[in-house]
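Chain by chain, the residues run as shown.
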Amino acid sequence: LKPAAHALFKKLKDEELELLVQVVESRGAWESSCVLAPWGDPRGVKQGLPPQVLLCRLFRWPDLHQSHELKHLCYCAGGQGACGDLAVLCCNPHHFSRLAVPETPPPPYLKSSCEHENQGTEPAVTPNRRKRLRHGMRGSCWGSSLGPAPPPPPAPLCSPLPDTSLSWSTVKDGCWCKLAYWEYRTRVGRLYAVHEASVNVFCELPWGSGFCLAQLPAAYRSCAVRRARGKIGRGLLLSREPGGVWAYNRSEHPIFVSSPTLSPPAACGLTVLKVLPGYSAKVFDYGWAGDRGGWQLPGEGPCDPHSIRISFAKGWGPCYSRQFITSCPCWLEVLLNQP
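Rules behind the numbers
- Residues numbered from 1 in each chain as written.
- Predicted model: local features only at pLDDT ≥ 70, side-chain atom pairs only at ≥ 80, totals over all residues.
- Heavy atoms only, no water.
- UniProt positions renumbered as here; feature names shortened; annotations may be inferred.
- Helix = DSSP H or I, 4+ residues; strand = E, 2+ residues; numbered from the N terminus.
- Buried < 20%, exposed > 50% of the residue type's maximum accessible area, 1.4 Å probe, protein only.
- Contact = heavy atoms within 4.5 Å.
- Areas by Shrake-Rupley, 256 points an atom, 1.4 Å probe, with all protein chains shown as cover.
- Axes fitted to C-alpha atoms, helices over the stretch in contact; angles between N-to-C directions.
- Parallel < 35°, antiparallel > 145°, perpendicular 65-115°, else oblique.
- Left-handed = near helix turned anticlockwise from the far one by under 90°.
- Core = buried A, V, L, I, M, F, W, Y, C linked by side-chain atoms within 4.5 Å.

Per an unreviewed UniProt entry, the chain is named Mothers against decapentaplegic homolog, and its organism is Machaerirhynchus nigripectus. Per its UniProt entry, the chain bears the Sequence similarities (unreviewed entry) comment "Belongs to the dwarfin/SMAD family."

Encoded structure:
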């Protein structure tokens, strides 16, 4: 990969290279701008890899092979043609996620990847690796001498919690969904109304805004809840896109998702989708939802058919000791407004 990467680095402008260094060092901790590379003919690259696949393979997923395994994140404006120039495209490795493609092991549980949990995640940027990265990109790939990397633009850590009503059915404020955070069977805090096309849900995010779970007070938290909250970290990105809702796992631990549209129409059991770190999945399909009636959860009774349930780090269902999501220490309920 090194010769192909060096050839690509030589085609990037100095500011694009500097941005790439910042993004790789921060491991996508902040929403950065696009790194635009000339599209050209991928056959001209020695390995035959498009620029985005090359950099994602180099800095995030060594086992990545093809571009169809990737998905642009919702805030990326530099997809091929999306930035208004068909000659360039974004190759920022943290503007992509890997698609969670379920296999079909014994139902009703589905796993989003055939690999183990510790595979497919991006390598850590150690001090030695950071030094080699800067020297390799600056010394070997282009001759200019750039100054120290400027810090990323500051942004508020958390947006204030909205003062919304507890009654979901009577709220008509233009939002496309509301978020409810639960610890076991106890809901913590008020509903969080989402008006933007996407929202971050997190406990620790150095730069960013969204639904900050660290702000939610609780009278008592068990050791299990505290341990689970410690694994949320950067959490997830929830986005409304054409046809449905997507979830991108930004944390370092799996998330587990269920919704009416994740289960086949004739399925009797609950489908829980495991989404590994760095992966994304379409967790709700508006088209399929139109054909569904009430959502009956075994042992828990009826549920809103326009809702998504996401557990942080802990799975539930027939393959786990926790049979119900209310047995999970930290989980999120997404209440969708019908389009």
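Alright, that's what it looks like, and here's the rest.
So, about the overall build of the chain. If you tally the helices and strands in the chain, you get six helices and 18 strands. Expressed as a percentage of the 339 residues in the chain, the buried residues total 51%. A separation threshold of at least 6 residues defines the contact pool for the chain, and within that pool the share at least 24 residues apart is 68%. Of the accessible surface of the chain, which amounts to about 15,900 Å², a share of 55% is contributed by carbon and sulfur atoms.

All right, on to the packing of helix α1 (residues 2–11) against helix α3 (residues 51–59) then. One way to put it is that α1 packs onto α3 with a least axis distance of 11 Å and a crossing angle of 120 degrees. Accordingly, the angle class assigned to the pair α1 and α3 is oblique. In this structure, α1 crosses over α3, and the sense of that crossing is left-handed. Of α3, the residues touching α1 (which contributes Ala4, Ala5, Leu8 and Phe9) are Pro51, Leu54, Leu55, Leu58 and Phe59.

So, about the nonpolar core. Ranked by size, the top nonpolar core spans 40 residues in total, and within it Leu179 and Leu238 carry the most contacts. Here this core gets four residues from one element, more than from any other, and that element is strand β14 (residues 279–285). Sequence-distant contacts of Leu179, that is, excluding residues within four places in its chain, are made with Arg190, Leu191, Tyr192, Val194, Val199, Val201, Phe211, Leu238, Leu332, Glu333 and Val334. With 25 residues, the next largest nonpolar core counts Val23, Trp30, Trp61 and Leu70 among its residues.

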